[in-house]
Structures are given as structure tokens and as C-alpha cells.
Amino acid sequence: MSSLPQPPPAIEMKPGVSVTARFSLLIACLAIILALQYPLFLSYFQRLTSSGPVVTGVGVDRSKVLAALSGLSQYKIKANAALHKKKREYNKLPSQQKLHLLQSLKYYTKISQATAAANTNDRVAKAVRDFGMRYYNISSLELHAYEKTRGRASGDHTQVVQALKHFVRDWSSAGEHERSATFPPILTTMKTLFPNQLREGRQTRVLVPGAGLGRLAYELAAQGFDVVANEFSPYMTLAHRYILSLHQENPIAKIDGHTFHPNINWWSHHRSNESMLRAATFPEVLPQRDVLNRLRLIEGDFVKAFLPLEESGFDAVVTLFFIDTARNIVDYLETIHKVLKPGGIWANLGPLLYGTAPLIELSLDEVLRVAEKIGFELLPVDEKWGDDTFPDVEEWKGKIKGNLAGYSWDQESLSRNAYQAQFWVGRKKD
Ligand SMILES: C[S@@+](CC[C@H](N)C(=O)[O-])C[C@H]1O[C@@H](n2cnc3c(N)ncnc32)[C@H](O)[C@@H]1O
Ligand SMILES: *[C@@H]1O[C@H](CO)[C@@H](O)[C@H](O)[C@H]1NC(C)=O
Ligand SMILES: *[C@@H]1O[C@H](CO)[C@@H](O)[C@H](O)[C@H]1NC(C)=O
């Protein structure tokens, strides 16, 4: 145990100042400090109340949450505008062709049906928004005021569409094909490496950065791990928090109680109109209270949210389709290393699809070399988790496995888009 920090020397008060005056002065000072330092105060408070590692620098950016809420509010307007445009374009066809299409295809009806489906989606968007407003204590007044100052530019429709689509990937039986290609290697390996959840009298701690809508984090908690999910997109966290609110004790939560049409926003590669318009339902499971007790979602940038960190960090970090989102992938690898305890485990599964203005774009062998240099030792993984990616490299033989995995991909689509997702397990050297 380290000794407690010494309190700062007390400010000397001149004799003669009354006790009430001192008291009001103190209160006034406190009020000013609090008003100025509210975000800092919040993160300090979070530190005091959290049982996990020290977390600093995490503050929810209210304007970003407002932007996401506004995006959810505008789902219907934006979706309808896109469909309306399809009607306008269709109307540009020669009348002869239109008549033909009207009789044989009902193309116009298809657009109307897609509009009805968008209205169903809008109910989901509104439910997420309303929950988010309650969760973050944001009134309609505040949201309207925000929208008024920002105008139509206040929310990002594409991000709303993508976040909502993750309900399918994570929480719908229609997303089973994506989960079954990615979860088993991670969950099985974690179980094998941590057969006993209680280590030194406490729960094994796992961090899942870039958690998306949180199903993997939830499944790890269901296995008994003490899990911190981290995510920096408010579009994702709003949907994530919403789904976790549909737990068993929530009277409005029902298995598959939500209907959603995930494929109406993109009209390419559909086998039939029915396929495009078909619905998916969620959640396929209701989160259980005892599992939720082992799960926390911490908002913020992974690179900043967990530093500086006390000596005792996480026992494991699990990254699923995450490391390639980095602007600087070396920052990610260093952060993963830093937040782990010596001997801690890093399990990764995903592609190398560099996004958001990366500073460097490494090939897989380069990623692995940097990781080794930073202080990871790669462990052999079960051969059933895929094809050896480097059968010819002695030191990596049997350690890097590739497996076909889709991402937010419609199984009935006429397009095949999948990654040879790479799975590996590293151990932080002591
Ligand atoms: C490709 S998605 C994968 C989501 C989830 N792991 C899954 O497999 O469904 C990457 C996620 O990482 C989040 N993300 C990107 N950069 C991040 C950062 N620096 N800190 C925290 N989350 C981040 C994105 O918002 C996004 O939700
Ligand atoms: C959808 O396709 C089915 C089968 O081809 C057809 O009978 C129906 O008229 C189409 N509906 C619309 C609205 O296009
Ligand atoms: C919202 O307000 C309630 C009650 O005042 C409080 O307990 C809760 O922590 C607040 N939530 C956030 C995210 O600030």
C-alpha cells in the first residue's frame, strides 16, 4: 500500500474573519471550482467510484452526444428524402417505360414499401434517441436548441444508419453468421487461458476497445470476466446503451421485440425486392442482470481514456475488427501493451482495412514486428481457428490464423464481401 498523498497546507486565515464568512467563502470557491472543473470533477468521481483501473481523461462530450441524438431524430427525414429522390429519378423515365414498369414490376410501390420500412426503422431510431436523452439527462429543449444552432448539419445520417445496422451484427439471429465466424476463437481461447475467473481473489479484468454494440464484451462478461467495453462514437454508444437497457427486468424488453429493415438504405446487389425489404428482429437474447453487473461501458478515445494507468491494469485486452481503425496503429499497440499487466493477454481478430486518415499503413508482418518490438510474445493458437498465414515463417508458424469473416454484410446479397480476418494471441512479456 502506498501512503496517502499529503493534504495541501491549509490556507491561513486572518484572525477576526467570522466562521460564517469563512464558510461562505469556502462554498463560493467550491462552486466556482466546480463550475470550471465540472468535466474533470466527473472523471475524478468516476475514478473514485470505479472498482477497475484508474481511468482519467474520460468525459462525455455533450455536443457529440447531441449531434448523435439529432442524427437519430432526423432518421426519418433523411431516409425519406433519399427514397423521394428515387421517385423523382424514376419519374424522369419516358412514360412508355414507366407504364411498363408500373404494370410488370410495381417499382413505384417498391419505393413506397421501402418508405414504410424506413418508418419502422425510425421507431427504433426514436427509441434509441429517447433512451439516450433520459440516460444523459438531455431535455427536448436542449436538443432543439442544439439543432437550431446547427441546422440540418447537426447529425450524420450515414453514421446513424451504420450504428443501427450493428443491431443485426451483434444482437439479431440474422447476424449469427458474422458472430459465429469471429466469436468462437476469442471466447474459447480466453476460457482456455483463464480457466479460473478468480485470480488472487478477484475477477479477471478484460478490456474491449472499439466495442461497437458490445455483444462480444457482453459474452465475455457472461463467461465470468469483469469487462470494460470502450467506444468513442456516440452513435455506437447510444445504441449500445439502449440494447443493454433491454435487460430481463425491463418490462418493455422482449426477445425479438424490435423489428428493423437493415437493407433498405442500399439498393445494389439485391436478389429480389422481398430480400431487400425483409425485416430482422432483435434482441435475440435479453441481457441478464448478473452479467451486466460485470460489464461497464467507458466512453472516449481508447488511446486517451486509459492513461495514465496504475500498475495493476487489465489481465486481457480483446480487439475485434479494431486495430485498423487507428490513425496511428503504433499508438494502439503501445496502449494495449501499457494497459495490460505483465503477462497479460492480447487477443486480436480482424482485418487490416485502414480507415480514418491513417498516418501509417502497415502490412500484417509489419504490425506483428512492431508488436514484438513493443514487448509482445506471440502464442501458438489452436489450428482449428483458421489457415496459417505464415506457414513459411518459422517464428510465426501456427500463431497467426486467417479466417473468412463478413462485416455488416447481408447474407442474401449478390455481393460477396468478406475479410480474411487474422487471429492471434500475444502475451505481454514480464
Ligand atoms: C469496425 S468497428 C468494430 C466494432 C466491434 N468491435 C465489432 O466487431 O462489431 C470499430 C469500432 O471502433 C470504434 N473506434 C474507432 N477508433 C476508436 C478509438 N480511438 N477509441 C475507441 N473506439 C474507437 C469505432 O467507433 C467503431 O465502433
Ligand atoms: C416484389 O416481387 C414479387 C415477386 O417477384 C412481385 O410479385 C411483387 O409484385 C413485387 N412487389 C413490388 C412492390 O415490387
Ligand atoms: C442524470 O441525472 C441523474 C439524476 O440526477 C443522475 O443520477 C445521473 O448520473 C445523470 N446521468 C448522467 C449521464 O449524467
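What counts and what doesn't
- Residues numbered from 1 in each chain as written.
- Chains lettered and ligands numbered in written order.
- Predicted model: local features only at pLDDT ≥ 70, side-chain atom pairs only at ≥ 80, totals over all residues.
- Core = buried A, V, L, I, M, F, W, Y, C linked by C-beta atoms within 7 Å.
- Buried ≥ 20, exposed ≤ 12 C-beta atoms within 10 Å, placed from the backbone.
- Contact = placed C-beta atoms within 7 Å.
- pLDDT = per-residue confidence, 0-100.
- Helix = DSSP H or I, 4+ residues; strand = E, 2+ residues; numbered from the N terminus.
- Near = placed C-beta within 6 Å.
- Nonpolar A, V, L, I, M, F, W, Y, C, P; charged D, E, K, R; others polar.

Looking at an unreviewed UniProt entry, one finds the protein chain named Putative trehalase and attributed to Sphaerosporella brunnea.

**Student:** Give a detailed account of the nonpolar core, specifying residues and quantitative values.
**Tutor:** Counting residues in each nonpolar core, the largest one holds 52 residues, and the members touching the most others are Val 206, Val 208, Ala 217, Leu 220, Val 227, Val 317 and Val 318. In this structure, Ala 217 is in contact with Val 208, Ala 211, Val 227, Ala 229 and Leu 295, ignoring residues within four places of it in sequence. With 39 residues, the next largest nonpolar core counts Tyr 75, Leu 83, Leu 164 and Phe 260 among its residues.

**Student:** Break down the confidence of the model for the protein chain for me, with residues and values.
**Tutor:** Across the protein chain, the average pLDDT comes to 87, with 83% of residues at or above 70. Note on residues 1-17: pLDDT is under 50 here. Beyond four places in sequence and across chains, it has two contacts. Residue range residues 29-58 is modelled with pLDDT below 50. Its contacts to residues more than four positions away, or to other chains, number 34 contacts.

**Student:** Explain unusual backbone geometry to me, and be specific about the residues and the numbers.
**Tutor:** Here Phe 282 and Pro 283 are connected by a cis peptide whose omega angle stands at -5°. A positive phi angle, near 55°, is found at Asn 137, a position not held by glycine. Within the fold, Asn 137 resides in the loop between α6 (107-135) and α7 (140-150). Residue class for Asn 137 comes out exposed when judged on the 8 C-beta atoms lying within 10 Å of it. We note that Ala 357 has phi near 45°; this positive angle belongs to a residue other than glycine. Along the chain, Ala 357 falls in the loop between β9 (340-350) and α17 (364-374). The class of Ala 357 is exposed, set by 6 C-beta atoms lying within 10 Å.

**Student:** Give me the site of ligand 1: which residues, what numbers.
**Tutor:** For ligand 1, the set of nearby residues contains 17 residues, the closest of which are Gly 210, Gly 212, Phe 232, Ser 233 and Phe 302. The set of elements that each furnish at least two residues to the shell around ligand 1 consists of β4 (226-231) and α15 (302-305). Taken together, the residues that form the shell around ligand 1 break down as nine nonpolar, five polar and three charged.

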